[in-house]
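Read off the chains here:
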Amino acid sequence: MRVRFWGTRGSLPRPGTTTLRYGGNTSCVELRTDDGTLIVLDCGTGAYGLGQELLSETPLTAHLLITHTHWDHVQGFPFFAPLFVPGNDWHMYAPLGLGGKLEETLAGQMEYSYFPVTLDALSATLSYEDLAEGEVQMGGARVVVRFLNHPAPALGYRIEADGASVAYITDHEPFSQHRDEITGLPLHREDQRHIEFLENADLIIHDSQYTAEEYTGKVGWGHTPMESSIEFALAANAKRLALYHHDPVRSDDDLDRLVTQFRQSLADQDSQLELFAAAEGQVIDLKEEDGAQTRAPIHAQKQPAPCPLAPGKVTILIADDDPVLLRVTEAALRAEGFTPLTARDGESALNIARDVHPDLILLDLNMPVMDGWTLINLLKK
């Protein structure tokens, strides 16, 4: 499996003399398996260079995995040349619950007010699929899909092929800063699941937009401090970690200094983790004999306590007036084997709760018709 970085910057493009080595283009990564399967991860401005190179490969069948449709991840889509080539076949994927279908979202970016060419003018054959958590087979690659923690629905992708694995995690932040006093590992169950998702990966490409010091003023913005990315990679027993989604203010010299600092810290811990900052044009060849799958974990993982609501016949009512949040939460619970029910206002939630008696209610306290506190008090009676 071969990985090539075409865009490594986060939030907005940052060309200039201070970003020449690591690059100023936004997110785009090319991945090819040994059988020729082509997977493109995100379509930021870095996709322009990739698209020009792909013009020599026609007809072309490929897969475009979009983590989410914030601009820095789709800005390159209208300029991605292979989409204009008749005979090319592109399968495109994005998170379920974007507020509209992927095709509609991409078409919105190409409305005449913003761009002179509409989505309908693209000559390649395009197919669209909304994803929730689960697995998808793409040619010779098995792709595992996981929701991330970001202000908009976003997905992480783990690609497994040719005896190697790559985890692509961008626009994600830790769920909690709390740690187990004995193991030092995250206590939040979703952070534990995140580590499990990364377990034994040969290469983790992880959002590392901030330092820990910078992150204190940016909690909730949906990005990971570098120190947490390293912590996740160590806990997951990964082989390589690429710091990714570089902050627009971060210069090449800044990144050099930080990488040197973190490498020294890893050396002091006798860690074998290979750490680097992702750079445009960088190519990584992952071979089966280099795989980390056979190496024993280097830490003693604390086993999470069993969930009192085990999947099966468990019914969960989600009450919220946000349709996007409803769709995402419903999909995530259904993927875990639960039976989700939804309500858009307090009165509907009350009626469902009285009729069905769900095992758990996930409740928005600020809803129309009847607020959450009133609903709680009525259910107590």
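Above: the structure in question.
Each value, and the rule that gives it
- Residues numbered from 1 in each chain as written.
- Predicted model: local features only at pLDDT ≥ 70, side-chain atom pairs only at ≥ 80, totals over all residues.
- Heavy atoms only, no water.
- Helix = DSSP H or I, 4+ residues; strand = E, 2+ residues; numbered from the N terminus.
- Buried < 20%, exposed > 50% of the residue type's maximum accessible area, 1.4 Å probe, protein only.
- Pairing = 2+ DSSP bridges.
- Phe/Tyr/Trp six-rings, centres within 6.5 Å; stacked < 30°, edge-to-face > 60°.
- Lys NZ or Arg CZ within 6 Å of the ring centre and 35° of its normal.

Visitor: How would you explain unusual backbone geometry if you had to name every residue and give the values?
Guide: In this structure, Pro59 follows Thr58 across a cis peptide bond, with omega equal to -10°. Relative to the elements of secondary structure, Pro59 occurs in the loop between helix 1 (47–54) and strand 4 (61–65). Despite not being glycine, Asp171 shows a phi value in the positive range, around 60°. Along the polypeptide, Asp171 turns up in the loop between strand 10 (164–169) and helix 4 (189–198). We note that Asn237 has phi near 60°; this positive angle belongs to a residue other than glycine. Judged by relative accessible area, Asn237 falls into the buried class, the value being 1%.

Visitor: Which residues make up the pairing of strand 7 (residues 134–138), and what values do they have?
Guide: In the sheet, strand 7 pairs with strand 8 (residues 141–147) via five bridges, with the strands oriented antiparallel. When the bridges of strand 8 are listed, Glu135 appears paired with Val144. The antiparallel pairing of strand 7 with strand 8 creates a hairpin that spans two residues between the two strands, and Gly139 there sits at a positive phi of about 60°.

Visitor: Break down the packing of aromatic side chains for me, with residues and values.
Guide: For any pair of aromatic rings, geometry is given as the distance between the ring centres together with the angle between the planes. What the rule picks out here adds up to four aromatic pairs. Seen from their ring centres, Phe79 and Phe115 are 5.1 Å apart, and the 80° between their planes marks the pair as edge-to-face. Taken together, the residues span a long stretch of sequence, with Phe79 in the loop between helix 2 (71–74) and strand 5 (89–95) and Phe115 in the loop between helix 3 (102–109) and strand 6 (125–131) at a distance of 36 residues. Members of the aromatic cluster, each reached through a chain of ring pairs, are Phe5, Tyr168 and Tyr244. Cation over ring: Lys218 sits above Trp221, and NZ or CZ is 5.5 Å from the ring centre.

Geometry only, nothing functional implied.
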